[in-house]
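Working through the structure, step by step
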Amino acid sequence: MSWRIKRVDPYWLSNPLVYGGAVASAILGVYGAGAGSTAATLVGGLGFCTTIFLAARPALSAVFATVGLLGGAAAFLFSANPGMGLLMRLVWTGGFGLIYMTVMNVVLLGVSALYNAFTRAGFSGLSLSLES
């Protein structure tokens, strides 16, 4: 059997308010960084991470968070950096995992949107062949 994959669906909440919140949070974070406001930068960054987390399916976010935490642990926990205490290493590991999860979710959602747009435009997509 052979099937054509016409649409990739990694979206969890496809509400325009989620995407609007992501754009508004990104604008707030960039504005806060430019203005030197730590509070606005943190609120914008955490709001962006939250809205992107809501836009992607939880299993995908969990996979990306796990890979990010493993990478953060390799970079910050197990590296020989005597200037950082254990608490700071844990904070940096968690921050790296959160940022990695967000970036990979954005990439996956963007690639899926492009794939779906091209297949709707008439390009042939992936095919999946299964044996019975």
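Our subject is the structure that appears above.
These remarks concern the structure in this document. Because the structure is a prediction, the values reported are computed rather than measured. (Residues numbered from 1 in each chain as written. Predicted model: local features only at pLDDT ≥ 70, side-chain atom pairs only at ≥ 80, totals over all residues. Heavy atoms only, no water.)

Observations regarding the overall build of the protein chain
How we decide: Secondary structure is summarised from DSSP: a helix means a run of H or I of at least four residues, a strand means a run of E of at least two, and numbering begins at the N terminus for each. Relative accessibility thresholds used throughout: buried, under 20% of the residue-type maximum; exposed, over 50%; partly exposed, between the two (1.4 Å probe, protein chains only). Whether two residues are in contact is decided by their heavy atoms, any of which lying within 4.5 Å being enough. Surface exposure here means Shrake-Rupley accessible area, sampled with a 1.4 Å probe, where a residue is shielded only by the protein chains that are shown.
A tally of helices and strands in the protein chain yields 4 helices and 2 strands. Tracing the protein chain from N to C terminus, the helices and strands come up as β-α-α-α-α-β. When each of the 132 residues of the protein chain is scored for burial, the buried share is 25%. Looking at the protein chain alone, contacts between residues at least 24 apart form 73% of all its contacts between residues at least 6 apart. Looking at the protein chain as shown, the accessible area adds up to about 8,700 Å², and 75% of this sits on carbon and sulfur atoms.

Considering the packing of helix 3 (residues 58-77) against helix 4 (residues 86-120)
As a reminder of what qualifies: Axis definition: a line fit to C-alpha positions, over the contact stretch in the case of helices; interaxial angles, taken between N-to-C directions, run 0 to 180 degrees. Small angles under 35 degrees read as roughly parallel and large ones over 145 as roughly antiparallel, with 65 to 115 read as roughly perpendicular and the rest as oblique. Crossing handedness follows the turn of the near helix against the far one: under a right angle anticlockwise gives a left-handed crossing, and clockwise gives a right-handed one. Gly is placed with the polar residues, together with every amino acid not listed as nonpolar (Ala, Val, Leu, Ile, Met, Phe, Trp, Tyr, Cys and Pro) or charged (Asp, Glu, Lys and Arg).
Contact geometry of helix 3 with helix 4 gives a least axis separation of 7 Å together with a crossing angle of 140 degrees. By the angle between their directions, the pair helix 3 and helix 4 is classed as oblique. Considering only the axes of helix 3 and helix 4, their crossing is right-handed. Here the residues of the contact of helix 3 with helix 4 are counted per class, giving 16 nonpolar, 8 polar and 1 charged.

Regarding the pattern of salt bridges
Between side chains of opposite charge, a pair can form as their charged atoms come close. For the record, the criterion: The term salt bridge refers to a side-chain nitrogen of Lys or Arg lying within 4 Å of a carboxyl oxygen of Asp or Glu.
Scanning all chains against the criterion turns up 2 salt bridges. One salt bridge in this structure joins D9 and R7, with 3.4 Å as the shortest N-O distance. The exposure class assigned to R7 is partly exposed, which follows from its relative accessible area of 49%. Notably, a salt bridge pairs D9 with R57, separated by 3.1 Å at the nearest N-O pair. Here the residue D9 occupies a position in the loop between strand 1 (2-5) and helix 1 (16-35), and R57 occupies one in the loop between helix 2 (38-55) and helix 3, the gap between them amounting to 48 residues. What you see here is one network of salt bridges that share partners, running through R7, D9 and R57.

A look at the layout of surface pockets
For clarity, the threshold we go by: Both site types are read off a 1 Å grid over the protein atoms alone. A 1.4 Å probe that fits but cannot get out defines a cavity, while an open set with protein on both sides within 12 Å along at least five of seven lines defines a pocket; lining residues have an atom within 4 Å of a point. Grid points are joined across faces, edges and corners, and a volume is the space filled by probe spheres set on the points.
Size it by volume and the largest pocket reaches roughly 270 Å³. Every residue lining the largest pocket is listed: T41, L42, G45, L46, C49, M88, V91, W92, G95, F96, L98 and I99. Of all the secondary structure elements, the ones that give two or more residues to the lining of the largest pocket are helix 2 and helix 4. Element by element, the count of residues in the lining of the largest pocket is highest for helix 4, at 7 residues. Within the lining of the largest pocket, the residues separate by chemical class into 9 nonpolar, 3 polar and no charged.

Remarks on the nonpolar core
The condition that has to hold: For this analysis, a nonpolar core means a set of buried residues of the types Ala, Val, Leu, Ile, Met, Phe, Trp, Tyr and Cys, connected via side-chain atoms within 4.5 Å.
Core analysis: the largest hydrophobic core is formed by 5 residues, namely Y11, V18, A55, A56 and L109. Apart from the residues lying within four places of it in its own chain, the contact partners of L109 are P10, Y11, A55 and A56.

A word on the side chain of S25
Inspection of the secondary structure assignment puts S25 in helix 1. Beyond its immediate stretch of four places on either side in the chain, S25 contacts G44, G47 and F48.

Remarks on the packing of aromatic side chains
Test applied: Centres within 6.5 Å are what make two rings of Phe, Tyr or Trp a pair, Trp counting through its six-membered ring; a difference in plane orientation under 30 degrees is then read as stacked, over 60 as edge-to-face, and the rest as tilted.
Scanning all chains against the criterion turns up 4 aromatic pairs. Taken together, a centroid distance of 5.7 Å and an interplanar angle of 40 degrees make the contact between F76 and W92 tilted. Of the two residues, F76 is situated in helix 3 and W92 in helix 4; the sequence distance between them amounts to 16 residues. A ring pair is formed by F96 and Y100, whose centres lie 6.2 Å apart and whose planes are at 20 degrees; its orientation type is stacked. Taken together, the residues span about one helical turn, with F96 and Y100 both in helix 4 at a distance of 4 residues. Owing to a relative accessible area of 34%, F96 belongs among the partly exposed residues under this scheme. According to the relative accessible area criterion, Y100 is partly exposed, its value standing at 27%. An aromatic cluster is built from F76, W92, F96 and Y100, whose rings are joined through pairwise contacts.

In short, geometric facts, not functional conclusions.
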